[in-house]
Amino acid sequence: MSFPRHDISQQFNFPKEEEKVIEYWRQIDAFRTSLKLSEGKPEFVFFDGPPFATGLPHYGHLLAGTIKDIVTRYAHVSGHHVTRRFGWDTHGLPVEHEIDKKLGITGKEDVLRMGIDKYNAECRSIVMKYASEWRSTVERMGRWIDFDNDYKTLNTTFMESIWWAFDELWKKGMVYRGTRVMPYSTGCTTPLSNFEAGLDYRDVNDPAITVSFPLVEDSTTSLLAWTTTPWTLPSNLGLCVHPDFTYIKIHDEDKGVNYILCEKLLGTLYKDPKKAKFKKIATFKGSDMKGWRYVPLFEYFFEQGSHIHLVVTDPYVTDEDGTGIVHQAPAFGEDDHRIAIENGIVAPEELPPCPIDDIGRFTDPITDYRGMYIKDADKEIQKYLKAKGQLLVQSNVKHSYPFCWRSGTPLLYRAIPSWFVRVQPIRDQLVTNNKETLWVPQTVGDNRFGNWLANARDWNVSRNRYWGTPLPLWVSEDYEEIVSVGSIAELEALTGVTGITDLHRDKIDHLTIPSKKGKGVLRRVEEIFDCWFESGRYTVPSIRIVDFLRVPLSLPSMPYAQVHYPFENKEFFENNFPGDFVSEGIDQTRGWFYTLLVLSTHLFGRAPWKNLIVTGLVLAADGKKMSKSLRNYPDPNLMFDVYGADAVRMFLVNSPIVRGDNLRFREEGVREVVSRVMLPWVNACRFFLGQANLLHKTAGIEFKYNPQAPHSNNVMDRWILARCQSLILLFRTEMAAYRLYTILPRLLDLIDELTNWYIRFNRRRLKGEDGPEDAVTALNTLFETLFTLCRTMSSYTPFLTENLYQALRPYLPEDPLVPDARSIHFLSFPEVKQEYFDVEIERQVQRMQAVIDLARNLRERHNLSLKTPLKALLVFHPDAQYLTDVTSLQRYIQSELNVRDIVFTSDETMSGVRYRAVADWGVLGRKLRKDLGRVKNALPGLSSDAVKAYLETGNVTVDGIELVAGDLTVQRYLELPPASEGRYATHTDNDVVIRLDVEVHPELLSEWLAREFINRVQKLRKKAGLQATDDVEVYYRFEDDSGVELLNALEEHAENIQRTIRSIPRNAGGRNGGNLIVEEEQEVADVRFWLMLVKL
């Protein structure tokens, strides 16, 4: 199949053109063809955290996909083989949560009543719910990745590799079972890891109450404790004070009772302690209070012994808020649990009293609130305490509180027996391994991630759920005999059951292993893996590849699970680990990045990645989180349909989000990419196509690009090609450092240089007005520039570069070194042509641009169109080389600025050049201090000669204050005589100084009128859809006797007009036949007339 012909007469519709490209890629099987073309080249390995197919793709997915596509496309064209397989995260809470909502499941009892086999079957049925939508969106955004050979974390091979990883940790003694107070989700009925608990903090209002605990030995004296969790009070087993704080015993005169609290925190009890009616009775150190016994608020655990309901001490207590006395509920606080063990309140192996069920409802022995959700019980508990007279202060506090990132329910902290992977013993190694990797931005890796690693804690890898990879642990009833299983073969050998093909709970929970210690049979523990142990992804070539892993132990297990390591592909994996690249959002610094590093360090002793890009978050335009319910962001597919995927890709990558900052998604930003980058790029290509056709028509020359053409002598040719090499060099340098965000600003510069400088300044050459030979040279330069742009930017804008390449392809000669030229993505990345660089030419053009920009600015200030001829321009610079540089490009300056005469001079007197000094007062003020005012007042009076002398000597005295080089900035300017006001305007960039004659001279008016007429003809040709090769006759018609000056200008400049529009304009009254193509009213210099184009 050939790509549809590029019709330059039709409007370029970016979305429609992208759809043509997609269809072309399908026809030539472009992605698989590119993989075949790169077989045998060095591998480039990247990790890719796969998504859940239970939700639709959003901008965060598009961003991650774009970054991964850019990096892997570039790796391919720069000489690597990059296999890309799409993966699906199919296990874990996101799937279970959907089923729980669908079936109304609220707890473990509901699942067991239904049956784990049926529950898992429901989960399996939805894991690919939106797979087709994902495939469509990913293809539409231009990402090349294999969906037909995808992988899923539910596949047995994937799960078996997870078992292997866990078994390796078990053998190293890095796994243990412990009772730990963990973040717990009542919505998902499972504990979460510490990093998951940090994913969704919200500001909430909670009760803040102060309650009294009477002393056993003195019922008139109470200890005061403050809490924001009244629901934990029925489980109170102790009170904790700081051993070094001073506590005060006071007598409250209004209530006639005594209270004890921290001396610094009387404000918790009284709004204004200075006005409160109380007497100070005694003071104590916290250490003096240890062992005091008190009467609990509730009697549910009163019978458990004399080791509870005591005052204990620990330095974790603060005096920043509360009362300095902290109520202890060991089942619901990490410090509470630690302190309870240290003080003998609970035994290390003992589960502390935890009277709530899986969904957060009170159970026995809390009979008064049994069946009530704990947060709902807050009010009832406060009512009860208030009725007893033990609720002294009742208020609310707004604070940040963790919520479950999946169910959106508030997290509890509760003591749960869980399985842990040891992390603390490898902290130092984690930090060291991380330092050996490149982060973009590096500050995130060094600070945010580095600090997290330095304080890493053991990782809870078990979940009390059903749909996931089961923990491969078989245990005796007393947990004294434990067997870890690392493979299906081992499980079959230990159980005597063969033909195991599925490792999910419902397929293996019934299997038992005979005890070797006389303990009957060993049964599998109930827990499954935290899905963060599963996820992750590692791309490999198309040798027998099985499934990857994906976050929870599955995601960080991904690098080896994806290839079924170590059961298959062992040599390949070990030769290509660690991976070259990984990228996800900044929220994964405590998620996937962390767990990936932990497992890799444990298993292989090194980091799993070499280079990492961390992105910020995509927010709505108002800075808020994107919300479907609020409809505060445009649908991604709508953006593709309106602007095209390339525009969305460029907008995302050319933003702070690729540097780890957040991005407010603005539709205007996408639109701006189209107008500032893509449309000028397309127009430049179309201009080439038009002029190549024109060359064939007018000179009979069939243009063909000549890559071996001799170097052009034209300065602008050599300059634009050198600028292309600068882009290639920058691209290679920045991509090697994974700084994707630096490329597009340079592309924007080059597009501007191509369209507004090269093409604009060489339009006559390209049109053939300087002869066919020079036209071929200019077209060869323009073609090479466009071709280089397409090859360089193909990874960023895969659609547009493909489209433009197909338009350019007919002009490319056969290249025996290119095995398949059907797609831009089959071509290698361009090498830098050092011979194109020319420091002198780049300097000359840069100086020419400075002069032109200054003069353009003056024209804009005086409302003078560039089509209005001006008489004279003076260019002053003291450096002879500067003047030589701009003089060599005088014809470009004259043509662009439409100026008759240019004077280049270094004569200050003739030019009227003067010097003045300015200062950065903030900087100079730090040096001069009190003398700054004197300099500030006297500096405007410093003579031009004195400033010039300062420039030469570096010394000047201002009001008696000695200043040296660097204190002042010297500016040159032109002083215009009073008599010249309104005739001249001057401007400077603090280097070159220009003076422009801004007076419109009558003798130049006819030239301007002729050019305006030509401009109207050209615009009308374009509007009529005419191509450069279409010849037409031009007719005009004026009303009454108007247009005399314009007609005179047409007669005076007839030769130039005919050469430009290839027709002699005639009065419509003399028209004889022909087909009218278009007729339109025009206006030039306030004169209205009709303009007609007629096809002969």
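In what follows, the accompanying structure is described.

So, how was this worked out
Residues numbered from 1 in each chain as written. Predicted model: local features only at pLDDT ≥ 70, side-chain atom pairs only at ≥ 80, totals over all residues. Heavy atoms only, no water. Helix = DSSP H or I, 4+ residues; strand = E, 2+ residues; numbered from the N terminus. Contact = heavy atoms within 4.5 Å. Polar contact = N/O pair within 3.5 Å; in protein donor to acceptor, adjacent residues only side chain to side chain. Pairing = 2+ DSSP bridges. Axes fitted to C-alpha atoms, helices over the stretch in contact; angles between N-to-C directions. Core = buried A, V, L, I, M, F, W, Y, C linked by side-chain atoms within 4.5 Å. Buried < 20%, exposed > 50% of the residue type's maximum accessible area, 1.4 Å probe, protein only.

Where the residue is not glycine, phi is negative for most of them; where a peptide bond is considered, it is trans in most cases. Here Asp364 and Pro365 are connected by a cis peptide whose omega angle stands at 10°. If you trace the backbone, Pro365 turns up in the loop between helix 12 (334-342) and helix 13 (374-388). Going from Val440 to Pro441, the amide bond is cis rather than trans, its omega being 0°. Tracing the backbone through its elements, the reader meets Pro441 in the loop between strand 16 (438-440) and helix 15 (442-454). For Asn898, which is not a glycine, the phi torsion comes out positive at approximately 55°. Locating Asn898 in the fold gives a position in the loop between helix 31 (890-897) and strand 29 (899-905).

When you line up the elements, Arg180 lands in strand 4 (residues 175-185). Residues Arg180 and Glu334 lie 154 residues apart in sequence; the distance between their C-alpha atoms is 7.4 Å. Not counting residues within four places of it along the chain, the set of residues in contact with Arg180 comprises Arg414, Ala415, Ile416, Phe420 and Asp458. Separated by 2.5 Å, the side chains of Arg180 and Tyr176 make a polar contact.

This part takes up the sheet that holds strand 8 (residues 238-241). Taken together, the 3 strands give an open sheet; going across it, the order is 12-8-13, and neighbouring strands pair in mixed fashion. In this open sheet, the two strands that pair with only one neighbour each are strand 12 (310-313) and strand 13 (325-328). Here the average twist between neighbouring strands, direction ignored, is 30°. Across 4 bridges, the pairing between strand 8 and strand 12 is parallel. Counterpart to Leu239 in the pairing with strand 12 is Val311. The sheet strands contacting helix 12 are strand 8, strand 12 and strand 13, and the helix crosses strand 13 at an angle near 85°.

What follows covers the nonpolar core. The biggest cluster of nonpolar side chains holds 138 residues, and the ones touching the most others in it are Phe688, Leu740, Tyr796, Met848, Leu873 and Ile893. For this core, the element with the highest residue contribution is helix 23 (residues 667-699), accounting for 14 residues. Counting residues in each nonpolar core, the second largest holds 56 residues, with Trp164, Ala456, Phe529 and Ile586 among its members.

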